Amino acid sequence: MDFSATHIGFVIAAYALTAAVVGGLILAILMTDRARARELDRRKQAGLPHDH
Amino acid sequence: MHNFANPTRFLAIANPLLPWIWAAALILLATGLYGALVTAPADYQQGETVRIMYVHVPAAWLALFAYGVMAFASAMAIIFRHPLADAAAKVAAPIGAAFCFIALATGAIWGKPMWGAWWVWDARLTSMFVLMLFYLGYIAVWQAVEEWDMAATIARVVALVGAINIPIVKFSVDWWNTLHQPASVFKMGGPSISNDMLWPLMVMGLAFNVLFLALHLTALRSEIAARKLHRLHMHDVGAQ
């Protein structure tokens, strides 16, 4: 890729935006999944019903 | 498929598969990005801006595919009453919406240097915008309606009505005169772009689809946990 080409800023902007959206989506889904798994685990550790 | 729709069976199959699917998605993404940014040549007319194609086009394909998954799952929920079908449709929506947004935004970024405009109301862009509205409407239904069965019923209708727009998006460039270029990969007579550009595009398309599978299965596992936690909370409240 030629970083001195005209309009290269548009290419960088497109990839940066894609990385931000995809990265944010991955983080949001993984963190939500982990938080819910931890909550179920916490109930199990506390002796509360955890498999209803 | 009926067996897979059982939440316990789903988790028993999905949990061991998920690390492999995530790994495949990352390897495909790295390979696709290497092809898109390093080996693929600049276009003789568009120059380096053609590289936007490697994220714009796969994102648009995935936005359509994810909506197809949503509509299919909604139809399965109506016909077979699969316990996981509504949840599968529900968790596909934010992922599809994110990729629809990427397609619209990178299209605008590509359009400005090539067309001289960020946006034009041609048939392809407008139908993609309508797809985004259906995604947002579908998500809004789940956010606004508290009672699960009622939300699911309305959401199924929104998903199936919106599915009418999918062939309109696909064929908009054939049915109307558009500033957006016609299909150059999935068309009669085969692809009309150079192999040097085609393989990174196809690898990125596959990478986005495998990433969708990883995100969708993880989100579905998370949704099953959320519903279980909701039932447990109701049980706790009832026991007090």
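Residues numbered from 1 in each chain as written. Chains lettered and ligands numbered in written order. Predicted model: local features only at pLDDT ≥ 70, side-chain atom pairs only at ≥ 80, totals over all residues. Heavy atoms only, no water.

A. Representation of the packing of aromatic side chains. Residue and element names in this part refer to chain B. Taken as a whole and assessed by the stated rule, the structure comprises 10 aromatic pairs over all chains. Geometrically, the ring pair formed by tryptophan 142 and tryptophan 148 is tilted, given 4.7 Å between the ring centres and 50 degrees between the ring planes. With a relative accessible area of 23%, tryptophan 148 lands in the partly exposed category. In this structure an aromatic cluster arises from ring pairing among Trp119, Trp121 and Phe129. (Phe/Tyr/Trp six-rings, centres within 6.5 Å; stacked < 30°, edge-to-face > 60°. Buried < 20%, exposed > 50% of the residue type's maximum accessible area, 1.4 Å probe, protein only.)

B. Representation of the confidence of the model for chain B. Summarising the model, chain B shows a mean pLDDT of 92, and 98% of its residues fall at 70 or more. In the predicted assembly, ipTM is 0.91 and pTM is 0.93. (pLDDT = per-residue confidence, 0-100.)

C. Just helix 7 (residues 195–239) of chain B, in detail. Look at helix 7 of chain B: 65 Å from first C-alpha to last across 45 residues, which is about the 66 Å you get at 1.5 Å a residue. At the N-terminal end of helix 7 of chain B, a side-chain oxygen is found 3.1 Å from the backbone nitrogen of aspartate 196 of chain B, two or three residues along, and the residue is serine 194 of chain B. (Helix = DSSP H or I, 4+ residues; strand = E, 2+ residues; numbered from the N terminus. Expected span 1.5 Å × (residues − 1). Polar contact = N/O pair within 3.5 Å; in protein donor to acceptor, adjacent residues only side chain to side chain.)

D. Region of the structure containing the nonpolar core. With 81 residues, the main nonpolar core has Tyr54, Met70, Phe99, Met128, Tyr135, Tyr138 and Leu211 of chain B as its most contacted residues. Taken together, the elements giving at least two residues each to this core come down to helix 1 (8–45) of chain A together with helix 1 (7–39), helix 2 (53–80), helix 3 (85–115), helix 4 (123–144), helix 5 (148–162), helix 6 (165–175) and helix 7 of chain B. In terms of residue count, the dominant contributor to this core is helix 3 of chain B (16 residues). In this structure, tyrosine 138 of chain B is in contact with Met70, Ser74, Asp86, Ala89, Lys90, Ala93, Ala155, Val158 and Ala159 of chain B, ignoring residues within four places of it in sequence. (Core = buried A, V, L, I, M, F, W, Y, C linked by side-chain atoms within 4.5 Å. Contact = heavy atoms within 4.5 Å.)

E. Just the pattern of salt bridges, in detail. Taken as a whole and assessed by the stated rule, the structure comprises 5 salt bridges over all chains. The residue glutamate 39 of chain A makes a salt bridge to arginine 42 of chain A at a minimum N-O spacing of 2.9 Å. A residue pair is termed a helical-turn pair when its members lie 3 or 4 positions apart in one helix, as glutamate 39 of chain A and arginine 42 of chain A do in helix 1 at 3 residues. Of the residues examined, glutamate 39 of chain A reaches a relative accessible area of 27% and is grouped as partly exposed. Taking the relative accessible area as the measure of exposure, arginine 42 of chain A reaches 43% and is therefore partly exposed. Across the salt bridge formed by arginine 156 of chain B and aspartate 86 of chain B, the nearest N and O atoms sit 2.7 Å from each other. (Salt bridge = Lys/Arg side-chain N within 4 Å of Asp/Glu carboxyl O.)

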